[in-house]
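What follows is each chain in one-letter form.
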Amino acid sequence: MTTNTVTTNKPQQSISRNKLLGVAGVGWLFDAMDVGILSFVIAALAVDWGLNSSQMGWIGSVNSIGMAVGALVFGVFADKVGRKKIFMWTLVLFSIASGLSAFTTTLVAFMALRFLVGMGLGGELPVASTLVSESVEAKERGRVVVLLESFWAAGWLIAALISYFVIPTWGWRVALLLTAIPAVYAIYLRWHLPDSPQFTVKVESKKRSILQNIRDVWSKKYARATLMLWVLWFTVVFSYYGMFLWLPSVMVGKGFDMITSFKYVLIMTLAQLPGYFTAAWFIEKFGRKFVLVSYLIGTAVSAFIFGNAETMAVLLTSGMFLSFFNLGAWGALYAYTPEQYPAIIRGTGAGMAAAVGRIGGIFGPLLVGSLLTAGYDIGFIFAIFCGAIIIGVIGVILLGTETKQTELE
């Protein structure tokens with residue numbers, strides 16, 4: 001857990017804050033680009049391969065299954081071999097698998113590769129946020145991690161641009177090939193990114209067993225924080241992937257053609273950037289819990305309005321607010337999670353929480369697909385996500401502790 005006493009073991013940075021943010025952030029951008037493109041590819045695959053709603057839902061869910069496995073496996077190994085190595089390995093894994101998925105001709109082969117893509121993504125995200133969190137001082141740690149998360153919006157924006165300009169003309173295969181670029185970037189990471197200074201000085205972390213680390217995450221000292229994180233991660237990821245992977249398809253379902261739908265989702269994506277930047281400002285001013293609670297409530301309200309929107313103006317406006325609040329909350333979530341544990345189990349704790357969240361990501365897209373197939377409307381479905389988010393808010397309020405500007409162990 002964190003402590004409010006100032007220690008003498010502040011991270012000694014061998015790389016500047018801005019350079020660290022840039023190097024890690026570009027990797028984060030590529031992750032978002034891949035996830036973002038998938039939401040558009042699903043809509044295109046439905047046309048090319050004649051997929052029904054349930055099959056479309058499974059594509060998103062198998063990606064989340066891989067993310068759950070990757071978050072757990074790579075999270076625990078980050079405490080054994082270091083954050084940098086895992087960051088690089090996961091980046092290569094998802095890049096190669098994503099590029100290969102462009103050549104598939106069957107749904108089964110596509111889903112198998114999406115599982116591997118998910119493993120890479122699921123492992124990289126909590127490890128990268130842990131690496132950055134351990135490498136900056138307490139007074140700016142939350143802001144820097146939220147700014148790292150803002151690269152996600154840039155990746156989504158690039159994905160939306162590629163999908164709008166590339167998929168209608170050259171097809172979804174070309175779009176997926178573009179996601180293989182991060183494999184080259186991983187070579188750069190190997191030579192230019194230092195490992196976490198807190199990990200390198202914790203010699204005892206390399207002597208501990210993986211099972212010991214897993215047990216300690218649920219020890220009496222950290223059980224309350226772990227329960228809070230698991231509830232929060234599950235509800236946030238469940239609602240995010242249920243809503244955002246279906247955004248282009250929802251727009252098509254509301255009567256817009258594919259190109260028009262991609263354009264409107266692109267506009268909604270732009271709202272993610274101010275969501276991150278405002279969260280980055282508030283997180284050190286008012287604290288992690290304030291940002292999480294307020295932005296998640298904003299997400300819930302926006303989701304309810306979006307699901308029941310009957311005019312273009314309401315649909316577009318609520319969609320933009322949905323992007324604004326939800327991605328701002330994600331930034332706070334990634335800043336808040338590593339702060340709950342000491343360095344020796346930080347990768348394990350963050351990875352396990354993310355893995356539980358990815359289980360929610362499995363059920364979210366499947367729920368949408370099955371309920372649409374059963375004849376339920378989008379308003380009812382988005383109301384479910386609204387309720388899930390409120391449960392996450394309650395968990396933070398009742399179980400969470402403020403970690404603003406506290407030194408990490």
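Residues numbered from 1 in each chain as written. Predicted model: local features only at pLDDT ≥ 70, side-chain atom pairs only at ≥ 80, totals over all residues. Heavy atoms only, no water.

The name given to the protein chain in an unreviewed UniProt entry is MFS transporter, with Lysinibacillus parviboronicapiens as the source organism.

Caption draft 1: The arrangement of empty space enclosed by the protein in detail. Taken as a whole and judged by the stated rule, the model has 3 cavities of 30 Å³ or more. In this structure, the largest cavity encloses a volume near 50 Å³. Around the largest cavity, the lining residues are Trp28, Leu125, Glu149, Trp152, Tyr240, Tyr241, Trp330, Tyr334 and Arg358. Residue classes in the lining of the largest cavity are distributed as 7 nonpolar, no polar and 2 charged. (1 Å grid on protein atoms, 1.4 Å probe; cavity = no way out; pocket = protein on both sides within 12 Å on 5 of 7 lines; lining within 4 Å. Points joined across faces, edges and corners; volume = space filled by probe spheres on them. Nonpolar A, V, L, I, M, F, W, Y, C, P; charged D, E, K, R; others polar.)

Caption draft 2: How the structure looks around the packing of aromatic side chains. Taken as a whole and assessed by the stated rule, the structure comprises 24 aromatic pairs. Between the aromatic rings of Tyr240 and Tyr241, the centroid separation amounts to 5.0 Å while the plane-to-plane angle is 85°, which identifies the pairing as edge-to-face. For Tyr240, a relative accessible area of 2% translates into the label buried. (Phe/Tyr/Trp six-rings, centres within 6.5 Å; stacked < 30°, edge-to-face > 60°. Buried < 20%, exposed > 50% of the residue type's maximum accessible area, 1.4 Å probe, protein only.)

Caption draft 3: Quick peek at the nonpolar core. In terms of nonpolar packing, the biggest core is built from 126 residues, with Ile59, Trp152, Trp233 and Trp330 touching the most fellow members. Here this core takes 19 residues from helix α1 (residues 17-48), the largest share from any one element. By size, the runner-up hydrophobic cluster in this structure holds 5 residues, among which are Phe74, Ala78, Met119 and Val127. (Core = buried A, V, L, I, M, F, W, Y, C linked by side-chain atoms within 4.5 Å. Helix = DSSP H or I, 4+ residues; strand = E, 2+ residues; numbered from the N terminus.)

Caption draft 4: How the structure looks around the packing of helix α2 (residues 53-81) against helix α4 (residues 107-133). One way to put it is that α2 packs onto α4 with a least axis distance of 6 Å and a crossing angle of 40°. Taken together, the axis directions place α2 and α4 in an arrangement best described as oblique. The handedness of the crossing between α2 and α4 comes out as right-handed. For the contact of α2 with α4, the class distribution of residues is 18 nonpolar, 8 polar and 1 charged. (Axes fitted to C-alpha atoms, helices over the stretch in contact; angles between N-to-C directions. Parallel < 35°, antiparallel > 145°, perpendicular 65-115°, else oblique. Left-handed = near helix turned anticlockwise from the far one by under 90°.)

Caption draft 5: Spatial organisation of the side chain of Thr130. By secondary structure assignment, the location of Thr130 is in helix α4. On the basis of relative accessible area, Thr130 is assigned to the buried category, the value being 1%. Excluding anything up to four places from it in sequence, Thr130 contacts Arg83, Pro338, Arg346 and Ala350. (Contact = heavy atoms within 4.5 Å.)

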